[in-house]
Each structure stands twice: as structure tokens, then as C-alpha cells.
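Coordinate analysis (summary)
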Amino acid sequence: MAEYLLEMQGITKTFPGVKALDNVNLQVEQGEIHALVGENGAGKSTLMNVLSGIYPYGSYEGDILYEGQVCKFANIKDSERKGIVIIHQELALVPEMTIGENMYLGNERGHKMAINWTETYAEADKYLRMVKLSESSKVPVNTIGTGKQQLVEIAKALAKHARLLILDEPTSSLNEEDSRALLDLMLEFKKQGMTMIIISHKLNEVAYVADKITVIRDGKTIETLDNRGAEPISEARIIRGMVGREMTNRFPKRENVAIGSVRLEVENWTVHHPIYPERKVVDDVNLYVREGEVVGIYGLMGAGRTELAMSIFGQSYGTHFSGKLKIDGKVVRQRRSEADAIRHRIAYVTEDRKGNGLVLSQDIMVNTTLANLGAVSKFSILDKDREHEAAMEYQRKLNIKTPSVEQLVGNLSGGNQQKVLLAKWMFAEPDILILDEPTRGIDVGAKYEIYCIINDLAAAGKCVIMISSELPEVLGMSDRIYIMNSGRMIDEMKAEDATQESIMTAIVNAGRGD
Amino acid sequence: MENIAPKEAVPNQPMNPRASGDSTEKVLAVLRKNAMLIVLGLVYVFFLIMTGGNIFKPMHMNLIIKENAYVYILGCGMLMCMLTGGNIDLSCGAFVCLLGSIGGYMLVNLAYSSWIAIALMLLVAVLDGCVLGYLIAYVHIPPWIVTLAGYLSFRGLGTQLLAVASPKTNAIKIPKTNAFLNIFSGTIFKTKPSELNLVCAITGAVLAAVVVVSMFVIRRRRIAKGYSVASLTSTIVKSVLSAAAIVVIMWQLAHDGGIPTVLLWVVGVVLVYGFITGRTTIGRRFYVVGGNREAARMSGVNTKRIMFAAYLNMAFLTALATMTVMSRLQAANSQMGTNFEMDAIAACVVGGVSASGGAGTVMGMVIGATLIGVINHGMPMIGVNIDMQKVVKGLVLLGAVVFDILSKKRDR
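Residues numbered from 1 in each chain as written. Chains lettered and ligands numbered in written order. Predicted model: local features only at pLDDT ≥ 70, side-chain atom pairs only at ≥ 80, totals over all residues. Heavy atoms only, no water.

Of regular secondary structure, chain B possesses 16 helices and two strands. A compact globule built from 412 residues should have a C-alpha radius of gyration of about 22 Å, and chain B, at 24 Å, falls within 12% of that. Each of the three principal axes of chain B carries a C-alpha extent, and together these read 95 × 55 × 40 Å. Scored against the burial criterion, the 412 residues of chain B give a buried share of 44%. Sequence separation of 24 or more characterises 78% of the internal contacts of chain B that already satisfy a separation of 6 or more. (Helix = DSSP H or I, 4+ residues; strand = E, 2+ residues; numbered from the N terminus. Rg over C-alpha atoms; globule rule 2.2 N^0.38 Å. Buried < 20%, exposed > 50% of the residue type's maximum accessible area, 1.4 Å probe, protein only. Contact = heavy atoms within 4.5 Å.)

Assigned secondary structure in chain A consists of 17 helices and 24 strands. For chain A, whose C-alpha radius of gyration is 24 Å, the value lies close to the compact-globule estimate of 24 Å for 514 residues. Seen through its C-alpha atoms, chain A measures out along the principal axes to roughly 65 × 55 × 50 Å. Across the 514 residues in chain A, those meeting the buried criterion constitute 54%.

Residues and elements named next belong to chain A. Applying the stated criterion across every chain, the model contains 14 aromatic pairs over all chains. Each member of the aromatic cluster is reached from another via a ring pair, and the members are Phe313, Tyr348 and Trp425. Taking NZ or CZ as reference, Lys13 lies 4.5 Å from the ring centre of Tyr55, over its face. (Phe/Tyr/Trp six-rings, centres within 6.5 Å; stacked < 30°, edge-to-face > 60°. Lys NZ or Arg CZ within 6 Å of the ring centre and 35° of its normal.)

What follows is about the sheet that holds strand β3 (residues 33-37) of chain A. Strand pairs in the sheet, formed through backbone hydrogen bonds, run parallel or antiparallel to each other. Residue and element names in this part refer to chain A. Pairing is mixed in the open sheet, where six strands are placed in the order β6-β9-β10-β3-β11-β12. Looking along the sheet, the strands with just one partner apiece sit at the ends: β6 (84-87) and β12 (220-226). Strand-to-strand twist in this sheet, taken as the mean axis angle between neighbours without regard to direction, amounts to 20°. Direction of pairing for strand β9 (residues 164-168) relative to strand β10 (residues 195-199): parallel, over a ladder of five bridges. The residue bridging Ile166 from the neighbouring strand is Ile197, located in β10. (Pairing = 2+ DSSP bridges. Axes fitted to C-alpha atoms, helices over the stretch in contact; angles between N-to-C directions.)

This part covers a nonpolar patch on the surface. Residues and elements named next belong to chain B. Residues Leu196, Leu198, Ile202, Val206, Val210, Val247 and Trp251 make up a contiguous nonpolar surface patch of about 630 Å² in total accessible area. Those elements that provide at least two residues to the nonpolar patch are α8 (198-224) and α9 (232-254). Sort the elements by how many residues they give to the nonpolar patch and α8 lands first, with four residues. If you trace the backbone, Val206 turns up in helix α8. A residue is classified by how much of its surface remains accessible, and Val206, at 47% relative accessible area, is partly exposed. (Patch = residues over 30% accessible without salt bridge, like charges linked within 9 Å, V, L, I, M, F, W, Y side chains within 5 Å. Areas by Shrake-Rupley, 256 points an atom, 1.4 Å probe, with all protein chains shown as cover. Salt bridge = Lys/Arg side-chain N within 4 Å of Asp/Glu carboxyl O.)

What follows concerns the side chain of Glu293 of chain A. For Glu293 of chain A, the position within the fold is in the loop between β14 (280-290) and β15 (294-298). Those residues in contact with Glu293 of chain A that sit more than four places away from it in its chain are Ile259, Lys462, Cys463, Val464, Asp479 and Arg480 of chain A.

Here we take up helix α4 (residues 117-130) of chain A. Residue and element names in this part refer to chain A. Taking 1.5 Å as the rise per residue, α4 with 14 residues should run 20 Å; its terminal C-alpha atoms sit 20 Å apart, in good agreement. Every buried residue belonging to α4 is among Thr120, Tyr121, Ala124, Tyr127 and Leu128, and all of these are buried. In a view along the axis of α4, the buried residues occupy a sector of 130°, so they form one face of it. Its buried side turned inward, α4 meets α3 (99-103), β8 (114-115) and α5 (146-159). Sitting at the head of α4, Asn116 places a side-chain oxygen 3.3 Å from the backbone nitrogen of Thr118. (Expected span 1.5 Å × (residues − 1). Arc of directions from axis to C-beta. Polar contact = N/O pair within 3.5 Å; in protein donor to acceptor, adjacent residues only side chain to side chain.)

So, about the environment of Ile76 of chain A. All names here are of chain A. If you trace the backbone, Ile76 turns up in helix α2 (residues 76-81). Looking at Ile76, the relative accessible area reads 32%, which means it is partly exposed. The sequence separation of Ile76 and Arg240 amounts to 164 residues, and the corresponding C-alpha distance is 34 Å. In this structure, Ile76 is in contact with Ser52, Gly53 and Ile54, ignoring residues within four places of it in sequence.

Time to look at the pairing of strand β23 (residues 480-485) of chain A. All names here are of chain A. With six of six residues buried, β23 lies mostly within the body of the structure. What you see with β23 is no split at all: Arg480, Tyr482 and Met484 on one side and Ile481, Ile483 and Asn485 on the other are buried throughout. Bridge count between β15 and β23: four bridges; the pairing is parallel. Bridged to Val295 within β23 is Arg480. Of the pairings in the sheet, the one linking β23 to strand β24 (residues 488-494) comprises six bridges and is antiparallel in character. Bridge pairing in β24 places Tyr482 opposite Glu492. In textbook terms, the turn of a hairpin is the stretch between consecutive antiparallel strands, and for β23 and β24 this stretch comprises two residues, one of which, Ser486, has a positive phi near 30°.

Overall, the coordinates contain 33 salt bridges over all chains when judged by the stated rule. The closest approach of N and O atoms between Glu387 of chain A and Arg284 of chain B, which form a salt bridge, is 2.5 Å. Here Arg284 of chain B lies in helix α11 (residues 281-291) and Glu387 of chain A lies in helix α13 (residues 384-397), a pairing that spans two chains. Here Glu387 of chain A matches Arg284 of chain B in class, with each residue buried. Put simply, Arg263, Glu291, Asp328 and Asp431 of chain A are held in one network by salt bridges that share partners.

The next point concerns the side chain of Glu7 of chain A. Note that Glu7 of chain A resides in strand β1 (residues 4-15). At a separation of 3.5 Å, a polar atom in the side chain of Glu7 of chain A contacts the side chain of Gln9 of chain A.

With that settled, the discussion passes to the sheet that holds strand β16 (residues 319-327) of chain A. Residue and element names in this part refer to chain A. Strand order in the open sheet made by the four strands is β14-β13-β16-β17, with antiparallel pairing throughout. Strand pairing shows two members of the sheet lacking a second neighbour, β14 and β17 (330-331), which therefore form its edges. Relative to β16, strand β13 (residues 262-272) is paired through six bridges, and the arrangement is antiparallel. Paired with Thr270 across the two strands is Ser322, which belongs to β16.

Here we take up the confidence of the model for chain B. All names here are of chain B. Model confidence for chain B is summarised by a mean pLDDT of 88, while 93% of its residues fall at 70 or above. Contacts from residues 1-21, a stretch scored under 50 in pLDDT, to residues over four places away or in other chains number 28 contacts. The complex model carries a pTM of 0.79, and its ipTM stands at 0.84. (pLDDT = per-residue confidence, 0-100.)

This paragraph deals with the nonpolar core. For soluble globular proteins, the rule of thumb is that nonpolar side chains tend to be buried together. Residues and elements named next belong to chain B. Counting 81 residues, the largest nonpolar core has Leu74, Cys76, Met78, Phe180, Val362 and Met365 as the members making the most contacts within it. Per element, the largest residue contribution to this core is 13 residues, and it comes from helix α3 (residues 58-83). Among all residues touching Met365, those that are not within four sequence positions of it are Val71, Tyr72, Gly75, Cys76, Ala347, Cys348 and Gly351. (Core = buried A, V, L, I, M, F, W, Y, C linked by side-chain atoms within 4.5 Å.)

Let's shift gears to the packing of α3 of chain B against helix α10 (residues 261-279) of chain B. To characterise two packed helices, one gives the angle between the axes of the helices and the distance between these axes. All names here are of chain B. Following both chains from N to C, one finds α3 and α10 inclined at 20°, their axes separated by 9 Å at the closest point. One way to sum up the angle between α3 and α10 is to call them roughly parallel. In the packing of α3 onto α10, the handedness of the crossing is left-handed. Each of Ile65, Lys66, Ala69, Tyr72, Ile73, Cys76, Leu79, Met80 and Leu83 in α3 lies in contact with α10, whose residues at this interface are Val262, Leu263, Val266, Val269, Val270, Tyr273, Ile276 and Thr277. Tallied by class, the residues present in the contact of α3 with α10 amount to 15 nonpolar, one polar and one charged. (Parallel < 35°, antiparallel > 145°, perpendicular 65-115°, else oblique. Left-handed = near helix turned anticlockwise from the far one by under 90°. Nonpolar A, V, L, I, M, F, W, Y, C, P; charged D, E, K, R; others polar.)

Right, let's get into the pairing of β16 of chain A. Within a regular strand, the side chains alternate between the two sheet faces. All names here are of chain A. Here two bridges tie β16 to β17, and the two strands are oriented antiparallel to one another. Bridging across to β17, Ile327 finds its partner in Lys330. Here β16 folds back onto β17 in antiparallel fashion, the turn holding two residues, of which Asp328 has a positive phi close to 50°.

Let us look at the environment of Leu225 of chain A. Inspection of the secondary structure puts Leu225 of chain A in strand β12. Along the chain, Leu225 of chain A and Ala210 of chain A lie 15 residues apart, while their C-alpha atoms are 9.9 Å from each other.

This next bit is on unusual backbone geometry. Across the chain, the bulk of peptide bonds are trans and the bulk of non-glycine residues have phi less than zero. We note that Glu429 of chain A has phi near 50°; this positive angle belongs to a residue other than glycine. For Glu429 of chain A, the position within the fold is in the loop between α14 (414-427) and β21 (432-436). Despite not being glycine, Asn339 of chain B shows a phi value in the positive range, around 65°. Along the chain, the position of Asn339 of chain B falls in the loop between β2 (331-333) and α14 (340-350). Taking relative accessible area as the criterion, Asn339 of chain B reaches 42% and is therefore assigned partly exposed.

Have a look at this one:
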């Protein structure tokens, strides 16, 4: 048996209602780069959270062997002490603090209560050079770009004497150039003997950098591929493992949907960042949607898709708006009000269902009727029977699995929560639905059901805008696709003309243009 | 090729069907759900034993109601504030002092008629509520800071006014003949304590009957529509207990002159706010704002307006509470309203209102307020000194919250 630095054996982790991990095995050799791939919600992040002690020992089944010893981590500190350091997808830096302060946050240099700032900054500078950053560690983090911030995160991990570095989607918010620099840095670290696990959706990057690739699907380990041969492994080969089936039947067909006239038009739409008003988040965007049409908006993280959607929905995001919003050819008066948007029959189904979508402490009924209380009340007095019936109707329609509509939404699985969120907005009887990552973090079966719902909405003559980070989903579901990059619409394609390659090329080319 | 379309619509089965034989588990769940009510019962029995049954006497029952009327009224307002996200109003006790002084000044020094005085007091309260509400909802100053400013300044203002109005005593005495007193205190169809007050007794019987019948009617209707219902036993137990409580209280009151006027105000306020929180879209918005403010906003709820309304409403109810307290004291003085805000907060917290917002009911608050009221009234009766009374109250508050959190943990 080869020398493994890390072995995870038979890891099973259950959340109320969902088995997130089911007997997962992962073996990482000393000094290799091991990639973990799988669809959204396949369980990659959960597995890493188990490894790093975010889900403490006892909350899962199975064993973690690190250097041959069984580990029982109670929290992150425990795993970090062993040299296992995780860098999360979302940057966890405090923008106002300096690079040095950030790097040693919670891990301060000095003794007892006194912080030794000289040592802090000297050490920090040393690690910054290791990640090829020339900045001084006394510079506040918010003065450097996202690409460099990602490198600071890595320097921070090194400062913790990392021996096993876990990078969760490290390049998701980086442009092509920064991504390549980061990957090359990883290869350099490998030469110096560092062991790394990388989680990524970008299969070309995985194929470029990884020695071994473990594929996870629906919470199970599917296979581990060796990528040390002369030829890098093909993306198609990885995808086969990830989806476990041919791609043909993932998206239900939309049949006989007549695409009608233009309902929603957005012209020269510009929105500025609410905190940094000098920054344009959405830049001179034009788009339109027709009746019965599903329009996909694709873009990388940080492209401004959510910001665009929210600003269209009652200016619920941003400041200094300019441009025109037309519904059925008539210009909509600009006002900051979500209620106004709902009155204009626009719905925004958020990507962040727990953050600004659902009231988890309330039941399905309360959540379903929330955006259209007028329909279940008279003179502000609720008709509880009507409310109950409405909730049950949508529960049946969307096949929400629950004992009763009086079940708290917080107790439902992700897929069912997403359906409640959809139910809420369908109950608001919108003409224009903006679906922001409608299938994020839900299992394959529920995804299929959501696609069917989207098709039904289109068939009912609604306009659907679907924002998604998953290329196959955008390609499989849209009639027309807009491609967004750093706040601008860079391209528009008919679905039948678009391919993964053409979309990615458009984004890469736009990035080069900068 | 794997077909990933769902095979069959899964019938709606309960996620965790409870074993029908597991009756101890069921009993425990019922106990947990009604824990504060049970604690209230136990505390009452404790005082019954310790006072040799004295606390059950009509006079004491009457006093507990009159002494605590303000807690129920302020509690409704505090509940609405807390629902929006655990926000509290620290200024209401001090505002009682200020508003009482203004009211007393108008009634006695200026000799205004009661109705004009009431109208002007409400106007002042609305002004106060608008200012506080505006600062909290639209200027985004944390509620506790805004109301702390009120807490510090209102009593000072009130005391100043009292010093002007009545330089010798620093208090305004409202003469017994003043019509104002009859609106908020006194007794309806008053009889001698030795006689049975028929109006009171009959009202009690009718109310009890109405409660029992309506409980069963509601249950029948829910069954007819196929909604989930509590078991028959629990409905029977619930209706019998509430009917018994009403009958006993009214029977005792009938032996102490009749229904105190202030009880009508309290019941009125509690019913109105029970209705608002449970059955109106306005109440619903308070819950969702507290449950998830961003989700409420993105669903078209004007969250700022809800925050504003919470504090405007609080000021309005504070005015009502002030009038009942002035009438009971037949005076306005610089000490009135002391710690009222704490009593109202405690009633809510003990009654299970979430300290982070989004959960809590008027009924829970009523139970909490009654528990505190019984403890407040019972302790001096068994000779607990005033310092220890404070200790006990503090521990009850802490115990309630600890219990609440622990029982929720076990539910999961």
C-alpha cells in the first residue's frame, strides 16, 4: 500500500432529511495534488467540512486517518494544528484590515495578550513573497484586487504551517490570467513537497494541475482517476463520472411553446455598487425577454448577474441607477420598492434562499403566501382557510414532500425549500420571473422537477430569465443565452448555436480585452 | 442511460411518523409545549399552600388583576416590538411618568374634561411614537439606544412638570370625584363584597360556554377541511381547563364587588392584539420581518414601515397603560412607571417570545405576565423581603429563558 498522508474511510454524514455523504472514501498521497470534482451539491464541500472539523467528530460516521493516525477533530483549530488548512470559496478577509492583520487573525504573533506587530509584518511579508506577491503586508486588503486577495488567503494558510492545503473553488472569482498564475503556484508548491486538495468545477484546470481526480456524485465516491500519464485526462472522461449518464436526458423537452411578443426590455441599464458608488456593477446592459421564452444569463461568479436581476426587481440592489426598464413597451417609473416590482408582476427568485428567500422559522403556508398576502385576505384580515388551500395547492403542484403545509420550512431538504421558494413566487402570479441559480445545491431528481416547472411556466406564457453558473443547464434550458462578464453583456446567442466552447471563448476573449 | 425523472409522485407521508405506542414521548411533548402554563399552576399552588389559601381569596385575585393590568397592556406593545427582531422599548416606563404628569396637570391644574385630557395624552404619545419610530426605522439608530435616551430624559421631564404643577409634594393628586377615574378604574355594577355580583357571575358562565363551544366548532371545521388537528383528548382538556379558569376567576370576582373596569381594558387589548398578530396581514408582516428581514423585504414587505409601526404602537399602548395606572393611584407622581419596561420585557420573555424576533404569541405573553404578577403579589404575602423579591424575579426570568432554549434543543 502506498504511503497516504490522508485517508478518509467510509465517511457518512446525514442532515435532517438528506444523506449528504454516503460511505465516501478518499486517499491522498504525500506531495500530490488531488482534485475533487462533482456537480453542485454532490457533497464535496461537506466532505471537506468533515475533514477540517467544521462538522466535528461524532457528527459523522467513518474514520479520518492522517499520517496513519485516526483523527477526532472537534473544531477547525484541531485540524489546523495538524497542518490541514482549508481555503474557502468565499474570501474570508476583513476588507478594512491590513494584509498582515488578516493573515494572523486568530493566530496572532507575540505572547500572552500582547501582539508583536514587528514580527507579524515581517513574517507576513515572508509568506507573501512565497506566493509571489510584492505588496507590503501593511496595505489594507480592500486596496488590492480579488486575484491578489486569493493569494493572500493562500499566504495566510502557509502562515499556519499548512501541510495539507485544501482549496475550495480557488479560481471561481478570478480571471483567466490570475487563475493560471494560481495554478502554476500550486505546481510550484507541489515541487516543494506540499500536498493539496483542489475542489473545482473548471475541469480544464483540474486536468492541468491534478495528479489524481476523485469524482463524487450524490454523496458517493464514484471513481478515482489517475492523471499522471503522458496525456492529460479528457474533460469528457471526467464529466462521464460526474453525471454518470449521457447528457441527453437531463433536461425535459419544452414542446409547442409559442414565443410571443417582447414583454420586458432593459435598455442601457447601469447600476453602481451600494458601498463603493464609484464602481459600476452593471454597465450599460441591454436585454429583452419575450412571452413564453426562457432566457439564460451565464457568467462567472462576480459577473454582475445577481446584481442585474436585483436591480431590475424594484431596485433592491445598488445605487445611481440609469437606463430604462420597459414592460409591454411602457417605461416603468423608477422607484426603489420591491412591492412596486411585484405590482408590475415581476418576481425575483433568489439564489440565496436562506439569506433573503425564505423565513425558515415559519411554516410552508406562511412562506407560500408571503409575496401575495392580498390574495388570501380581505381588509387586511387573513382568510386562513384560503391560505391553507393555496399552500396545499402549490404543495401538490410542485410536489413538495412534507407531512403538512404547517411544517416549518427550516425542516425541509434543500430541494423542497427551493420548491417552496418557487411556490411563493408562482403564487404572486408574476408575468416575468427571474430565477437566480434555481437549482443550486439541490439533488438531481429535484433539479429535473424544477426544470419541468420552468417549462410549465414558459408554456403558460410567462417570461423566464434564468441565471445560472452551470453551462449545461443554461444550454439545456434556454431559448436564448446572454453572456455577462464584469458587469457587461458581452454576447447573445441562440441556444441552438451555442456550445460550451463558444460561451467560454466569449468570456475568455472579453477578459483579454480588458 | 439512466433516467433521472422522478419515478412516481411520492405520496405525502409524515417525515418522522411517531410510534403510536410511544405515549410517554407524547406526554413529554405536551408538557414541554405548555411548560409555562404548568409552571404558573405550580407557582400558584405553592402560594396557595404557603398562604394557607389566602391568595385564592376574592380580594387578592382582584388585586392581582388590578396591580398587573399595565403589564398586559405594555406586554402587547413590547411583543410587537420584539417580534420585529428582538427589539425592545426601554423608554416606556419613563414615558408613563412623563405622560402621567402631563395628564395630571391637564386634569387637575388646568381642569380639562376627561375626554380632552385623554385625547391630548394620546396625541403626545403618538408624537413620541413617531419620533422614536422615525429614528429607529428611517435613521437606523439601534432601538435600544433611541429608547435609552427616552428612558433617561422622560422621567426627568415628568418630574420637572410635577415640580411646577405641585411644588410642595412633587405629585398631583386626582380627586376621587374626577370622572376620569371611572373610565379606567372602579367596578362595573358594583355590589357589596358580602353579596354575589350576578352580572359578573353570569358573564363568567356565558364566557366559559362560548370558549368551550368555539373550541369544538373550530376543531370540527378543521377536520371537515382535512387540516391537521390536535387529539380529541387534548381539546377536551384544553376547553375544560380554560372554562374552569374563567368560571373560578369570575366567581371570585363576583364576591369582591364585580368585574373591575380595568379588566375590560386588559381583555379588550389582549383580544385585539391576539387578533392582529394571529389573523391579519399586518401581524403576519411583523413575524416575517423578525423571522428574516431580508426575505421579508424581497417579498415586498416595507420593513421600515413595520419598525415604525412597532414603536408608534408601543407609544399608543403606553398611553393606555398610563391612564390605567393614574386611575389606580389616583395621582401622578415621579415614581410611577418605574421598571414598567422591565416588567413588560420579562412578561414577553417568560411567555416564550423569542429574544431574536419572529416568534411569540399574545397568549404566551399573558401567561408570562400572570406568572410574574402572581409571584409579585404572593411574595410579600409570605414575608419575602423586598430585596429577595428582586432576586427571585431575576431567577424566574433567567430560568424561563434557559428552559426555553433547552427544550427547543431537545425538540431537534
